[in-house]
Amino acid sequence: MKIYTKTGDDGTTGLQGNLRVSKSNPRIIAYGAIDETNALLGIIQSYEIDKDIAVLLNLIQNELFVIGADLSNPKLEDKKNRVTTDMISNLEKNIDKYESELVPLTNFILPGGTILASQLHHIRTVTRRAETFIIMLSEEEKINDNCIKYVNRLSDLFFVLGRVLNKRSGKKDIIWKV
């Protein structure tokens, strides 16, 4: 099978259920942003990274595929490959776990520190953009609301993990100064 099909040469792409939509459709933009998040996680995973965090990021990469599948299927009665409340709860559990390693924030911090922490801050912003696109889609079409909740928690987790990686490598948070 060839990678190119030529079916998108007219500016359309396929959704689940053999539906075709414009490549500029909000649904395509939303799951495209999720795909970008996943690609950035691949870059982060290519570095030497603490085993516990690498395992978590691998799980998240797999779950991002679930979000993409969920967003590409407008038939909500089809329950296959949907974001679940358990997935959201697991993110919250991990946020709490990793946040317990940190000193509570009393100031805003700037993205930065180690390369890996900086990349986690970058992916946090891309995830926030993906969340915006998913919300825009939800304003036009009914979607699984768990997608919004998951992506919202995911950006929080990336923020916490960036701080954790800085702390574990001896870097202090960079305090925003006015």
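Residues numbered from 1 in each chain as written. Predicted model: local features only at pLDDT ≥ 70, side-chain atom pairs only at ≥ 80, totals over all residues. Heavy atoms only, no water.

(A) Quick look at the nonpolar core. One finds Leu57, Ile60, Leu71, Ile134 and Tyr150 to be the most contacted residues of the largest nonpolar core, which totals 44 residues. Listed by contribution, the elements that provide at least two residues to this core are α1 (26-45), α2 (51-71), α3 (85-99), α4 (115-140) and α5 (146-168). Here this core gets 11 residues from one element, more than from any other, and that element is α5. Residues within four places of Ile134 in sequence aside, it is in contact with Ala30, Ile34, Leu71, Ile143, Cys147, Ile148 and Val151. (Core = buried A, V, L, I, M, F, W, Y, C linked by side-chain atoms within 4.5 Å. Buried < 20%, exposed > 50% of the residue type's maximum accessible area, 1.4 Å probe, protein only. Helix = DSSP H or I, 4+ residues; strand = E, 2+ residues; numbered from the N terminus. Contact = heavy atoms within 4.5 Å.)

(B) View of the pattern of salt bridges. Tallied over the entire structure, the rule returns 11 salt bridges. A salt bridge links Asp70 to Arg82; the shortest N-O distance between them is 2.6 Å. Pair noted here: Asp70 is in helix α2 and Arg82 is in the loop between α2 and α3, with a separation of 12 residues, a long-range link. Residue Arg82 is classed as buried on the basis of its relative accessible area of 10%. When the shortest N-O distance is used, the salt bridge between Arg168 and Glu101 registers 2.7 Å. Remark: Glu101 occurs in the loop between α3 and β3 (109-110) and Arg168 occurs in helix α5; sequence separation between them is 67 residues. Assessed through its relative accessible area of 34%, Arg168 is described here as partly exposed. (Salt bridge = Lys/Arg side-chain N within 4 Å of Asp/Glu carboxyl O.)

(C) View of the packing of α3 against α5. Interhelical geometry of α3 versus α5 gives an angle of 20° and a closest axis separation of 9 Å. In terms of axis orientation, α3 runs roughly parallel to α5. Here α3 and α5 pass one another in a crossing that is left-handed. In this structure, α3 uses Thr85, Met87, Ile88, Leu91, Glu92, Asn94, Ile95, Tyr98 and Glu99 to contact α5, whose residues at the interface are Asn146, Lys149, Tyr150, Arg153, Leu154, Asp156, Leu157, Val160, Leu161, Val164 and Arg168. The residue inventory of the contact of α3 with α5, partitioned by class, reads 11 nonpolar, 3 polar and 6 charged. (Axes fitted to C-alpha atoms, helices over the stretch in contact; angles between N-to-C directions. Parallel < 35°, antiparallel > 145°, perpendicular 65-115°, else oblique. Left-handed = near helix turned anticlockwise from the far one by under 90°. Nonpolar A, V, L, I, M, F, W, Y, C, P; charged D, E, K, R; others polar.)

(D) Seen up close, the packing of aromatic side chains. Here the structure, examined in full by the defined rule, presents 1 aromatic pair. Plain terms: the ring middles of Phe108 and Trp176 are 5.8 Å apart, the flat faces sit at 70° to each other, and that makes the pair edge-to-face. With Phe108 in the loop between α3 and β3 and Trp176 in the segment after β4 (174-175), this residue pair connects regions lying 68 residues apart in the sequence. For Trp176, a relative accessible area of 43% gives the class partly exposed. (Phe/Tyr/Trp six-rings, centres within 6.5 Å; stacked < 30°, edge-to-face > 60°.)

(E) Representation of the layout of surface pockets. Estimates place the volume of the largest pocket at around 240 Å³. If you trace the largest pocket, you find 13 residues lining it, with Val103, Leu105, Arg163, Lys172 and Asp173 closest to the centre. Across the lining of the largest pocket, the residue classes tally to 6 nonpolar, 2 polar and 5 charged. (1 Å grid on protein atoms, 1.4 Å probe; cavity = no way out; pocket = protein on both sides within 12 Å on 5 of 7 lines; lining within 4 Å. Points joined across faces, edges and corners; volume = space filled by probe spheres on them.)

(F) Summary view of the environment of Leu116. In this structure, Leu116 sits in helix α4. For the pair Leu116 and Tyr47, spaced 69 residues apart in sequence, the C-alpha to C-alpha distance is 7.9 Å. Excluding anything up to four places from it in sequence, Leu116 contacts Ile44, Tyr47, Glu48, Ile49 and Leu165.

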